[in-house]
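Residue-level structure breakdown
Below are the chains, spelled out letter by letter.
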Amino acid sequence: LEAAAQNLANAVDMDALGALGETANTYGIYTDDGGHKFNVVETSEACGFTGCCPSGRICCNPNHKLQLHFFMPEHSKNEAMMFADRPCKCGSCCACCSICKQEMTVYEGPDSGPPGGEDNSDKEIAYITQPTLGGFLSPQLNVMDRSGDDGEQIATITANAVCCIGGICCDHTFNVTDSDGEYMGKIVKEAPEGIGDALKELATDADNFTMYVPKELDPKKKAAMLGALHLIDYMFFENGGAANVDLSGIMSGEMPEVEFKCCDCYCCGCICPCTTSCGGSEEETPPENGGGEEPEEAAEEVPEEEEPEEEPEPEEEPEEEEPEEEEEE
């Protein structure tokens, strides 16, 4: 459905239509020997509101409000053994206040009430949040044993990257350390293997993650890391490698233009996508004088007009001088 909506949006050159096909995510979790351990189902509204602010998938993806329910197929397909609540946040601004800091709360199942409600307060396993300024140039998450000011930090998750995060060309590693700074595990977003997997990531939201944890680790800490893995997916990889094909110029004989996201630039919690494009028609750069050069027209020689000869003025006849009369004494 998402791919069909995106193709329709590309055909009519209206990117906003692609959001109408955004569906809730589902995940499959497997052990290292290939065993199917959990099914994870997202519950969210397409056009939801929190108070007077929109918080649904269509308007706010991937920062929308959601709940994740973890099911064990061998036990029950209807009763979640764990669930997580994530409120809607402003995901493209600096992580300097609560409305901009990404967070997720993990609860022990079964779900007996609204996430975050009084019925579930005593079932809280962990609270995951961004620190102030989000780790500066390297994305960071703090894992607390509970929400609130009295929560104690049990782990820190730091990306093995500086400034640049996301993209589909390589693996992305997030190291997990405990409160003493000791290694506790890692979360790796795997790069696609082969052209088929790469095209799948470009056309859909499909991603592959691997979580490495010691077998003797406390199950509640494993659950907290599992919740953090999903929060990382929504923060950095939900739109990873997103491709947009502009087909509006095909009818006029132009090549389609393909634009896709290479990665995200990260600074203090602020995420700015870096995109590149190829194909399409090359726009002609107008010359500096603002128009095409016009051929110079040969100037016609206009014969100079001959000035009329001036007639010589008639010479004035000299006046006859009268002889001076001498007076005789």
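Keep in mind that what you see is a predicted model, and the values were worked out from it rather than measured.

Topic: the environment of M81
Of note, M81 is situated in the loop between β5 (66–71) and β6 (82–86). Non-local contacts of M81, meaning those with residues more than four positions away in its chain, are made with F38, F70, M72, E108 and G109.

Describing unusual backbone geometry
In the segment running from N61 into P62, the intervening peptide bond is cis, with an omega of 5 degrees. Along the chain, the position of P62 falls in the loop between α2 (57–60) and β5. Geometrically, the link from G109 to P110 is a cis peptide bond, its omega value of -5 degrees lying close to zero. Positive phi is not limited to glycine here, since L133 has a value of about 70 degrees. Within the fold, L133 resides in the loop between β8 (124–129) and β9 (140–144). The residue F136 is not glycine, and still its phi comes out positive at about 65 degrees. Among the secondary structure elements, F136 is positioned in the loop between β8 and β9.

Some remarks on the pattern of salt bridges
Applying the stated criterion to the full structure yields five salt bridges. For D150, the salt bridge identified is with R146, shortest N-O distance 3.6 Å. One network of salt bridges, with partners in common, ties together D145, R146 and D150.

Concerning a nonpolar patch on the surface
Together, F136, L137 and V162 give the surface a local cluster of nonpolar side chains, amounting to about 290 Å² of exposed area. Among the residues examined, L137 registers a relative accessible area of 37% and is labelled partly exposed.

Notes on helix α4 (residues 219–237)
Taking 1.5 Å per residue, 19 residues should reach 27 Å; α4 reaches 26 Å between its end C-alpha atoms and fits that length. Of all the 19 residues making up α4, 15 are buried; the element is thus mostly covered by neighbouring parts of the structure.

Considering the nonpolar core
Core analysis: the largest hydrophobic core is formed by 42 residues, its most contacted members being L68, F70, V143, I157, F174, I232 and F236. The greatest single-element share of this core, amounting to 12 residues, is contributed by α4. Setting aside anything within four residues of it in sequence, one finds F236 in contact with P139, I165, G166, F174, D264, Y266 and I271.

What to know about the packing of aromatic side chains
Scanning the model with the defined rule gives six aromatic pairs in all. Plain terms: the ring middles of F83 and Y107 are 5.1 Å apart, the flat faces sit at 20 degrees to each other, and that makes the pair stacked. Of this pair, F83 sits in strand β6 while Y107 is found in strand β7 (residues 103–108), placing the two residues 24 residues apart along the sequence. For Y107, a relative accessible area of 5% gives the class buried. Look at F174 and F237: their rings are 6.4 Å apart centre to centre, the planes differ by 90 degrees, and that puts the pair in the edge-to-face class. Within this pair, whereas F174 is found in strand β12 (residues 172–178), its partner F237 is found in helix α4, the two being separated by 63 residues in sequence. Counting every residue linked through ring pairs, the aromatic cluster contains F174, F209, F236, F237 and Y266. Looking at K186, its charged tip hangs above the ring of Y212, at a distance of 5.0 Å from the centre.

Here's the deal with the confidence of the model for the protein chain
Note: predicted coordinates in regions of low pLDDT should not be interpreted at a detailed level. Averaged over every residue, the pLDDT of the protein chain is 80; the share at 70 or more is 73%. Per-residue pLDDT stays below 50 along residues 5–18; that stretch engages in 20 contacts with residues further than four places along the chain or on separate chains. Note on residues 325–329: pLDDT is under 50 here. Beyond four places in sequence and across chains, it has zero contacts.

Parameters at a glance
- Residues numbered from 1 in each chain as written.
- Predicted model: local features only at pLDDT ≥ 70, side-chain atom pairs only at ≥ 80, totals over all residues.
- Heavy atoms only, no water.
- Helix = DSSP H or I, 4+ residues; strand = E, 2+ residues; numbered from the N terminus.
- Contact = heavy atoms within 4.5 Å.
- Salt bridge = Lys/Arg side-chain N within 4 Å of Asp/Glu carboxyl O.
- Patch = residues over 30% accessible without salt bridge, like charges linked within 9 Å, V, L, I, M, F, W, Y side chains within 5 Å.
- Areas by Shrake-Rupley, 256 points an atom, 1.4 Å probe, with all protein chains shown as cover.
- Buried < 20%, exposed > 50% of the residue type's maximum accessible area, 1.4 Å probe, protein only.
- Expected span 1.5 Å × (residues − 1).
- Core = buried A, V, L, I, M, F, W, Y, C linked by side-chain atoms within 4.5 Å.
- Phe/Tyr/Trp six-rings, centres within 6.5 Å; stacked < 30°, edge-to-face > 60°.
- Lys NZ or Arg CZ within 6 Å of the ring centre and 35° of its normal.
- pLDDT = per-residue confidence, 0-100.

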